Amino acid sequence: MVRKFTIVAGAVLVAAASLVVTAPTGAATTAGDGSTHGPCQYTVTPDEPAARPVPLPRDPANTPDHGKVKVDVRTNQGALPLTLDRAAAPCTVQSFVHLAKWRFYDRTTCHRLTTYPTLEVLQCGDPSGTGEGGPGYRYKDELPVDLAPAPNDPTGERKIYPRGTLAMANAGPDTNGSQFFLVYGNAYLRPNYTIFGTIGEDGLATLDKVAAAGVLPTPEDPAPVDGAPALTTDLKKVKVRC
């Protein structure tokens, strides 16, 4: 079963899929319910087959929760350097690093660009390129608690995900997988999406280039603000610095 992940009010749309993968030597071990034993509890999702085979991440009792991780992302549109923050989201960083080391993100296409004034993001992380692919597991949220309120929001519920933010897309509470979004302009969202890092200046320049080209027109919508980027953006190599 495929579940669509939707961010409302300048929403980010994602779907996660999962598959129980035979783990190679040294991979994480699981409990009887298909989840890892540690605090992150990465859990297999048999109804959502993995877009690309990958085992569950390691889940140590003492999950690293301090320090930064530099990630070099090479795209066909330019560099996209990332800095992951273990203190903000230790389980998320642990998963992202795991997927990068297994080359899960290599040779994938960012499938969605949104250009709403209140949601300017590029969404990536699905090897299938459909927005319906994931790593075969899910894990808990690590939600931000210190975001500034969004302007002109009568409900007071939406917050500012500022330009340069790196965050996880999801399909509801505790359904994180592999898909993530890169904020190239302020995004006004409910604080339901884990922030796990930032985008470097070179990366923002790359995102601005992609955003300036807009969303790919369709016969139904000649001037869309949400859909596939007109400037195809491929993640050629995602490498964690040692």
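You'll find the structure just up there.
Residues numbered from 1 in each chain as written. Predicted model: local features only at pLDDT ≥ 70, side-chain atom pairs only at ≥ 80, totals over all residues. Heavy atoms only, no water.

1. Here we look at the packing of aromatic side chains
Okay, so step 1: Enumeration over the complete set of coordinates arrives at eleven aromatic pairs.
Okay, so step 2: Aromatic pair F96 and F180: ring centres 5.6 Å apart, planes at 75°, arrangement edge-to-face. With a gap of 84 residues between them, F96 in helix α1 (residues 90–101) and F180 in strand β13 (residues 180–185) connect regions that are remote in the sequence.
Okay, so step 3: In this structure F180 comes out as buried when scored by relative accessible area, which is 3%.
Okay, so step 4: Measuring from ring centre to ring centre gives 6.0 Å for F181 and Y193, while their planes differ by 80°; the resulting arrangement is edge-to-face. Taken together, the residues F181 in strand β13 and Y193 in the loop between β14 (187–189) and β15 (195–199) connect sequence positions twelve residues apart.
Okay, so step 5: Residue class for Y193 comes out buried when judged on its relative accessible area of 5%.
Okay, so step 6: Members of the aromatic cluster, each reached through a chain of ring pairs, are F96, F104, Y105, F180 and F196. (Phe/Tyr/Trp six-rings, centres within 6.5 Å; stacked < 30°, edge-to-face > 60°. Helix = DSSP H or I, 4+ residues; strand = E, 2+ residues; numbered from the N terminus. Buried < 20%, exposed > 50% of the residue type's maximum accessible area, 1.4 Å probe, protein only.)

2. Some remarks on the environment of P57
Okay, so step 1: Within the secondary structure layout, P57 lies in the loop between β3 (43–44) and β4 (68–75).
Okay, so step 2: Taking the C-alpha atoms as reference points, P57 and S95, separated by 38 residues in sequence, lie 6.0 Å from one another.

3. Comments concerning α1
In an α-helix, one turn spans 3.6 residues; hence positions three or four apart end up facing the same way.
Okay, so step 1: With twelve residues, α1 should reach 16 Å at 1.5 Å per residue; the first-to-last C-alpha distance of 16 Å fits that figure.
Okay, so step 2: Taken across its twelve residues, α1 has eleven buried, putting it largely inside the fold.
Okay, so step 3: Buried residues of α1: P90, C91, T92, V93, Q94, S95, F96, V97, H98, L99 and A100, and no others.
Okay, so step 4: With its phi angle positive at about 60°, R103 sits one or two positions after the end of α1. (Expected span 1.5 Å × (residues − 1).)

4. Here's the deal with unusual backbone geometry
Okay, so step 1: Of note, Q41 is a non-glycine position whose phi angle comes to about 50°, a positive value.
Okay, so step 2: Relative to the assigned elements, Q41 resides in the loop between β2 (14–16) and β3.
Okay, so step 3: For R107, which is not a glycine, the phi torsion comes out positive at approximately 60°.

These results come straight from atomic positions and should not be treated as a statement about function.
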